[in-house]
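Listed below, chain by chain, are the residues.
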Amino acid sequence: MMLADAGTFHAERFAWELKRQGVEVLVVSLEQGSALDELLNRIGPFRTLHYALSVPQVKRTITRFRPDVINAHYASGYGFVAAAAAGRTPVALNLWGSDILIVPYKSRLHRWKTRYALRRADFVFGDSEYLIQSAARIAPLSNATVIPWGIEAKFLELHKDSYELNRPVRVIIPRAHEEIYNNRFIVEALAPLVMEGKVTLTFPNFGSQVNDFKKYAHEHVGDRLSLYVKKPRDRFIEFLAEHDIYLSAAFSDSSPVTLIESMALGL
């Protein structure tokens, strides 16, 4: 049983790969998404309480599905839910980055929830030594290992034959419009080059702040930005490979997957 945001790329890839390997997977989530199998009801008007209030629903699903393992993604959210609901079922916790590097330092409650999830987890997975070490400073880890997120081998054939840049230089920023990714700063910083026609900037057309971003970008560069909609996995990697430079201005990262993918493609 997998507890994760069913609309995220990481959850989709993780669930689909487990299924490809013959594992029976039930994706349970508070969020809609292509990986979703069972949607949890949001109880009450306060979003911050939705995780805690979903625990009774998750317990009923555990009783019905009888999973061998509960795989929770994001320590302070679904990791906390898994820790509270699992009973004797083993919990494997996947750390994502901000759940360890940022969230625990928001308040004592956030840190307590994160520590509770880490202590309850039977296994902890992180995508970098840095992330695992940071988690171990919050709570002792009994079983922890690093599993880097990489690119599928079949996409390595898309690696650039030449590193010669196009003119104008094609820059892609494949980070959703969220505060942590700082996309507005990129527009502000590169606006002169965009207006001079020396670079093109390509951003995703999704994220909780996308509408505000569009207004901000229009004030700085008019209609000179490109925005792409969410794409199927294969098409996204092909689209990524068409660019020259990968750019991120995130305030915090562990080992960003899109950076690894861009390096594998030769950006």
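Draft legend 1. Broad picture of the overall build of the protein. Within the protein one finds 11 helices and 11 strands. Scaling as 2.2 N^0.38, a compact globule of 267 residues should have a C-alpha radius of gyration of about 18 Å, and the protein matches this with 20 Å. On the principal axes, the C-alpha backbone points of the protein span a range of 60 × 40 × 35 Å. Taken across its 267 residues, the protein has 45% of its residues classed as buried. Just so you have it, the protein exposes about 14,000 Å², and 54% of that area is on carbon and sulfur atoms. Looking at charge distribution, the protein has the averaged site of its 32 positive side-chain charges lying 8 Å from that of its 29 negative ones.

Draft legend 2. Geometry of helix α11 (residues 257-265). Three or more residues of α11 are buried, namely Val257, Thr258, Glu261, Ser262, Ala264 and Leu265. Mapping the buried residues of α11 onto a view down its axis gives an arc of 160 degrees, with all of them on the same face. Contacts from the buried residues of α11 go to α1 (9-20), α10 (233-241) and β11 (245-246). Just downstream of α11, Gly266 is the residue with a positive phi angle, here 90 degrees.

Draft legend 3. Expanded view of the pattern of salt bridges. All chains considered together, the criterion is met by 15 salt bridges. Put simply, Arg42 and Glu31 hold a salt bridge, and the shortest N to O gap is 3.1 Å. Taken as a pair, Arg42 in the loop between β3 (38-39) and α2 (50-53) and Glu31 in the loop between β2 (27-29) and β3 lie far apart in primary sequence, 11 residues in all. Since its relative accessible area comes to 33%, Arg42 is described here as partly exposed. With its nearest N and O atoms 2.8 Å apart, the salt bridge here joins Arg233 to Glu261. Of this pair, Arg233 sits in helix α10 while Glu261 sits in helix α11, placing them 28 residues apart in sequence. Put simply, Arg13, Glu152, Arg233 and Glu261 are held in one network by salt bridges that share partners.

Draft legend 4. Region of interest: unusual backbone geometry. Following Arg167, the chain continues to Pro168 via a peptide bond in cis, the omega torsion being 0 degrees. Within the secondary structure layout, Pro168 lies in the loop between β7 (144-146) and β8 (169-172). If you check the backbone angles, Arg66 has positive phi at about 55 degrees while not being a glycine. Tracing the backbone through its elements, the reader meets Arg66 in the loop between α3 (55-65) and β4 (70-73). Notably, Asn182 is not glycine yet its phi reads approximately 60 degrees, a positive angle. By the element assignment, Asn182 lies in the loop between β8 and α8 (183-195).

Draft legend 5. Representation of a nonpolar patch on the surface in the model. A cluster of nonpolar side chains, namely Ile43, Phe46, Leu49 and Leu53, defines an oily patch on the protein surface of about 360 Å² accessible area. Mapped onto the elements of the fold, Leu53 is located in helix α2. On the basis of relative accessible area, Leu53 is assigned to the partly exposed category, the value being 37%.

Rules used throughout
- Residues numbered from 1 in each chain as written.
- Predicted model: local features only at pLDDT ≥ 70, side-chain atom pairs only at ≥ 80, totals over all residues.
- Heavy atoms only, no water.
- Helix = DSSP H or I, 4+ residues; strand = E, 2+ residues; numbered from the N terminus.
- Rg over C-alpha atoms; globule rule 2.2 N^0.38 Å.
- Buried < 20%, exposed > 50% of the residue type's maximum accessible area, 1.4 Å probe, protein only.
- Areas by Shrake-Rupley, 256 points an atom, 1.4 Å probe, with all protein chains shown as cover.
- Lys, Arg positive; Asp, Glu negative; His and termini not counted.
- Charge placed at Lys NZ, Arg CZ, Asp CG, Glu CD.
- Arc of directions from axis to C-beta.
- Contact = heavy atoms within 4.5 Å.
- Salt bridge = Lys/Arg side-chain N within 4 Å of Asp/Glu carboxyl O.
- Patch = residues over 30% accessible without salt bridge, like charges linked within 9 Å, V, L, I, M, F, W, Y side chains within 5 Å.

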